[in-house]
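For reference, the chains in residue letters:
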Amino acid sequence: MSITNVSSEVIGSVWKVEMKVGDAVKTGDIIMILESMKMEIPVEAPADGTLSELKVKPEDSVDEDQVLCTIES
Amino acid sequence: MHNRELNSEKAKADDEETAGTPINEELHFRRVSALEMGGAEAIERQHANGRLTVRERFSKLTDADSFREVGTLGGSGEYDENNKLVRVTPAPYVAGMARVNGRPVAIGGEDFTVRGGTTFGAARRKGGQGGFIEDLAHYYKIPLVNLIDGAGGTVTSAKRRGYVAFPGVHGFERSVQLLGEVPVVSAVLGTAAGGPAGRAILSHFSVMVRGTSQIFAAGPPVVKRSLGRDIDKEELGGAAVAVDKAGTIHNAVDTEEEAFDQIRRFLSYMPQNVWEMPPVVPCDDPVDRCETALRDIVPEKRTQPYSMHDLIDLVVDKGSVFEIQPTNGKSVITSLARLDGRPVGIVANNPKFYSGAMDAASAHKQIRFMELCDTFHIPLVFLVDVPGFMVGLKAEQEATLREGMRAVYVAGQLTVPTLTLVIRKCYGMAGMATCNKNDIDLKLSWPSGEWGSLPVEGGVAAAFRRDIANSADPKAREKELEAELRAYASPFRTAEAFAVEEIIDPSETRPILCEYIALAEGRLKANLGPKRKAGVSP
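Since the model is a prediction, treat every value here as computed from it, not as a measurement.

Colleague: I would appreciate a short explanation of the overall build of chain B in the present structure.
Modeller: On a plain count of helices and strands, chain B comes out with 22 helices and 19 strands. Along the three orthogonal principal directions, the C-alpha set of chain B runs to about 105 × 55 × 40 Å. Evaluated residue by residue, chain B yields a buried proportion of 43% over its 538 residues. Of all intrachain contacts in chain B linking residues separated by at least 6 positions in sequence, the fraction that spans at least 24 positions is 72%.

Listed below in structure tokens is the structure:
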């Protein structure tokens, strides 16, 4: 079993979270959408597995490289 | 004469085959010694570290049987009490001429199997700072290929010499000069520090291998002594730092073979020198290929990104895109490509990353790429979707304004033809870095184009603050003002004023760009030669 950290590539805020802890995810699924520079930035799953932890909620500010959630596979 | 057996029977056979009479025995022995490099054990260690030897690298990178060595016999001879040669340790640097894509290049590289590729005390340097190979590229006006696998000088040189050399005595003057004359490419294929690391940077294109190569100003032992910090070499100067984070090296690949592919690919777009035109290749992708998919590529909702990479692929010759620095400064995409077989430089904002806003890293990347294309007479195509400079504390700390204005300054000095095609947003000073608006160079736009000094949202709140605050319903007033101003923002109104030259149907993008790039040929030919540099860059 391995844990994959999903990090933000950008500075911005969380607009929408599309999944909940325990959901099965496939590579490329959109887990949440961030807002940065007035643009919607989808956060895609980098691996197959289960969404094991959500570290942010809508309207939270996020930094570059901040871990947003984890996937257990 | 020799106290050991020659273990390269093939080399001997080759030598004998080429001569009518038996080859001079000493010449043969010295040649074989050169081919043996640092010996079987050292070669095994090099392979065990996941690296090729310098000679294997040359043969994989260059056209078959095209390498003509220079300085084969350079090295250190050992002689017995009767002054007879006992053995030769070859120089830790191999150099010569070869062909890449059928065209001549000067090529050199450290031999790590001989004393770790450190410098050796020859009458003349084979390569590196002020070496033969740099001179060869300079006098014959051919590209230079550096395969870097060494850490430069050692303190033992001082012992040999009896004094320490002053920095710059074996300087970078020639390497600097070459940057304005011929294409220079570098592959970092081992751990590079010192002079070799410096040379990797003094190139037009550089590539390194993830996992087996590192580059830094100084390695872990120096960091430990200077700062007391323990850090391993991969953490300090692996591709994750040197390529992805810092942009010290342009591209990272997974194998040495891929690095050679990238070098061949890069050189295929380049002229042999600045006095020549870049090579045109036959193109079987129709010039009049209209892609209706381009009409729908930009989402109606202005806050939704799209794939600028897909857009580029739909426009340029199929399979012709070679992206430079794909993992650094990601809000802009810089790619060499072809339109009807003619090399072009594509600068395209990436809406998926900071909405395409220009930050310090993307400004650096765009500047270097514009200078590369300008130097080698490659016309530029800007595919514009830029909301402005990146904003925020981090951006200000990184001097985004200064770096962004440097991009504007460099764009303002371009002499190659530039075509600007606005895909969506073109705002502010970052927008100015995408065109040469005072020249004959064209500004084209898709119907989705919008521009101005700043976007209407945000701009309204700032400019009409009092008006909005004093109204009975401030939110509604703000929306009303936005709607009023947005009407003026239509690209068609600017086209009415002939302030953009043409608004085009997105599907016609390829035929129109191909036509203008073909037209650029005469202008490019009229401006061959080195480019004049003027002024102080901000």
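Having put the structure on the table, let's press on.
Colleague: Honestly, the overall build of chain A in this entry has me stumped. Any pointers?
Modeller: A tally of helices and strands in chain A yields zero helices and eight strands. Radius of gyration (C-alpha) of chain A: 11 Å, near the 11 Å computed for a compact globule of 73 residues. Expressed along its principal axes, the backbone C-alpha trace of chain A runs to roughly 35 × 20 × 20 Å. The burial tally for chain A puts 29% of its 73 residues in the buried class. In chain A, 57% of the contacts between residues at least 6 apart in sequence involve partners at least 24 apart.

Colleague: How do you make sense of the environment of B:A363 when you look at a structure like this?
Modeller: All names here are of chain B. Note that A363 resides in helix α14 (residues 360-375). For A363, a count of 29 C-beta atoms within 10 Å gives the class buried. Between the C-alpha atom of A363 and that of L481, which follows or precedes it by 118 residues, the distance is 33 Å. Setting aside chain neighbours within four positions, we find A363 in contact with M358, E403, G404, R406 and A407.

Colleague: Where do I start with the pairing of strand β9 (residues 205-209) of chain B in this structure?
Modeller: On a regular strand, one side chain projects to one face of the sheet and the next to the other, so that they alternate. All names here are of chain B. Burial within β9 is extensive, with five of its five residues counted as buried. With burial as the criterion, each face of β9 is covered, one bearing F205, V207 and V209 and the other bearing S206 and M208. Sheet topology note: the strand β7 (residues 184-188)/β9 ladder contains four bridges and is parallel. What sits directly across from S186, in β9, is S206.

Colleague: Hey, could you run me through the sheet that holds strand β1 (residues 3-7) of chain A in this one?
Modeller: Backbone-to-backbone hydrogen bonds pair the strands of a sheet. The strands run either parallel or antiparallel. Residue and element names in this part refer to chain A. Spatial ordering of the open sheet is given by β1-β8-β6-β3, a layout of four strands whose pairing is antiparallel. The two strands at the open ends of the sheet, each matched to only one other strand, are β1 and β3 (24-25). Across two bridges, the pairing between β3 and strand β6 (residues 49-54) is antiparallel. Bridging across to β6, V25 finds its partner in G49.

Colleague: Sorry if this is basic, but what is going on with the packing of helix α18 (residues 456-463) of chain B against helix α20 (residues 474-488) of chain B here?
Modeller: The relative placement of two packed helices comes down to the angle between their axes together with the axis-to-axis distance. Residues and elements named next belong to chain B. At a minimum axis distance of 10 Å, the contact between α18 and α20 shows a crossing angle of 120°. When the interaxial angle is binned, α18 and α20 end up oblique. Two packed elements cross with a definite hand, and for α18 against α20 that hand is right-handed. Along its contact with α18, which presents V456, E457, V460 and A461, the element α20 presents E478, L481, E482, L485 and R486. Its residues assigned to classes, the contact of α18 with α20 comprises five nonpolar, no polar and four charged.

Colleague: For this particular structure, what's the right way to read the sheet that holds strand β4 (residues 30-36) of chain A?
Modeller: Residue and element names in this part refer to chain A. The four strands are arranged β5-β4-β2-β7 in an open sheet whose pairing can be described as antiparallel. On the outer flanks of this sheet lie β5 (39-44) and β7 (61-62), each paired with one strand and no other. Two strands pair when backbone bridges link them, and strand β2 (residues 12-17) and β7 are joined in this way by two bridges, in the antiparallel orientation. Paired with S13 across the bridge in β7 is S61.

Colleague: Is there a simple way to explain the domain arrangement of chain B in this structure?
Modeller: It is common to report an interface's size as the accessible area lost on association of the parts. Residues and elements named next belong to chain B. Splitting chain B by domain gives domain 1 (17-269) and domain 2 (292-451 + 491-522). In this structure, domain 1 and domain 2 have C-alpha centres spaced 37 Å apart. Those elements that provide at least two residues to the side of domain 1 that touches domain 2 are α11 (239-245), β11 (251-253) and α12 (256-269). At three residues, the largest contribution of residues to the side of domain 1 that touches domain 2 is made by α12. For the side of domain 1 that touches domain 2, the residue count by class is six nonpolar, five polar and two charged.

Colleague: Would you explain helix α22 (residues 509-525) of chain B in this entry?
Modeller: Residue and element names in this part refer to chain B. Under the 1.5 Å per step criterion, the end-to-end length of α22 is 25 Å for 17 residues, consistent within 8% with the ideal 24 Å. Its axis deflected by about 25° at L519, α22 carries its strongest bend there. Every buried residue of α22 is listed here: T509, R510, L513, C514, I517 and A520. Of the surrounding secondary structure, the elements contacted by the buried residues of α22 are α13 (308-315), β13 (332-339), β14 (342-349), β15 (380-386) and β16 (418-427).

Colleague: Help me out: how do you make sense of the pairing of β5(A) in this one?
Modeller: Residues and elements named next belong to chain A. Burial along β5 is one-sided: the face carrying M39, I41 and V43 is buried and the face carrying E40, P42 and E44 is not. As paired strands, β4 and β5 are joined by six bridges and run antiparallel to one another. In the sheet register, M32 faces β5, and the bridge partner there is V43. Here β4 folds back onto β5 in antiparallel fashion, the turn holding two residues, of which M37 has a positive phi close to 50°.

Colleague: How should helix α5 (residues 132-140) of chain B be read in this particular structure?
Modeller: Along an α-helix, a turn takes 3.6 residues, which lines up residues three or four apart on a common side. Taken together, the buried positions of α5(B) are occupied by B:F132, B:I133, B:E134, B:L136 and B:A137. On its buried face, α5(B) is in contact with β4 (93-100), β5 (103-110), β6 (144-148) and α7 (173-178) of chain B.

Colleague: Which parts of the structure should I look at to understand the packing of helix α4 (residues 54-61) of chain B against α12(B)?
Modeller: All names here are of chain B. Here α4 crosses α12 at 45°, and the two axes come no closer than 10 Å. Relative to α12, α4 is oriented oblique. The chirality of how α4 crosses α12 is right-handed. Within the contact between the two elements, α4 uses R57, K60 and L61 and α12 uses E256, E257, F260 and I263. Residues belonging to the contact of α4 with α12 are distributed by class as follows: three nonpolar, no polar and four charged.

Colleague: Got a minute to help me understand the interface of chain A and chain B in this structure?
Modeller: At the junction of the two partners, chain A supplies eight residues and chain B supplies 11 residues. Across the side of chain A that touches chain B, the residue classes tally to four nonpolar, one polar and three charged.

Reading the values: rules and limits
- Residues numbered from 1 in each chain as written.
- Chains lettered and ligands numbered in written order.
- Predicted model: local features only at pLDDT ≥ 70, side-chain atom pairs only at ≥ 80, totals over all residues.
- Helix = DSSP H or I, 4+ residues; strand = E, 2+ residues; numbered from the N terminus.
- Buried ≥ 20, exposed ≤ 12 C-beta atoms within 10 Å, placed from the backbone.
- Contact = placed C-beta atoms within 7 Å.
- Rg over C-alpha atoms; globule rule 2.2 N^0.38 Å.
- Pairing = 2+ DSSP bridges.
- Axes fitted to C-alpha atoms, helices over the stretch in contact; angles between N-to-C directions.
- Parallel < 35°, antiparallel > 145°, perpendicular 65-115°, else oblique.
- Left-handed = near helix turned anticlockwise from the far one by under 90°.
- Nonpolar A, V, L, I, M, F, W, Y, C, P; charged D, E, K, R; others polar.
- Domains from an automatic or database assignment.
- Expected span 1.5 Å × (residues − 1).
- Bend = angle between axes of the 7 residues up to and from the residue.

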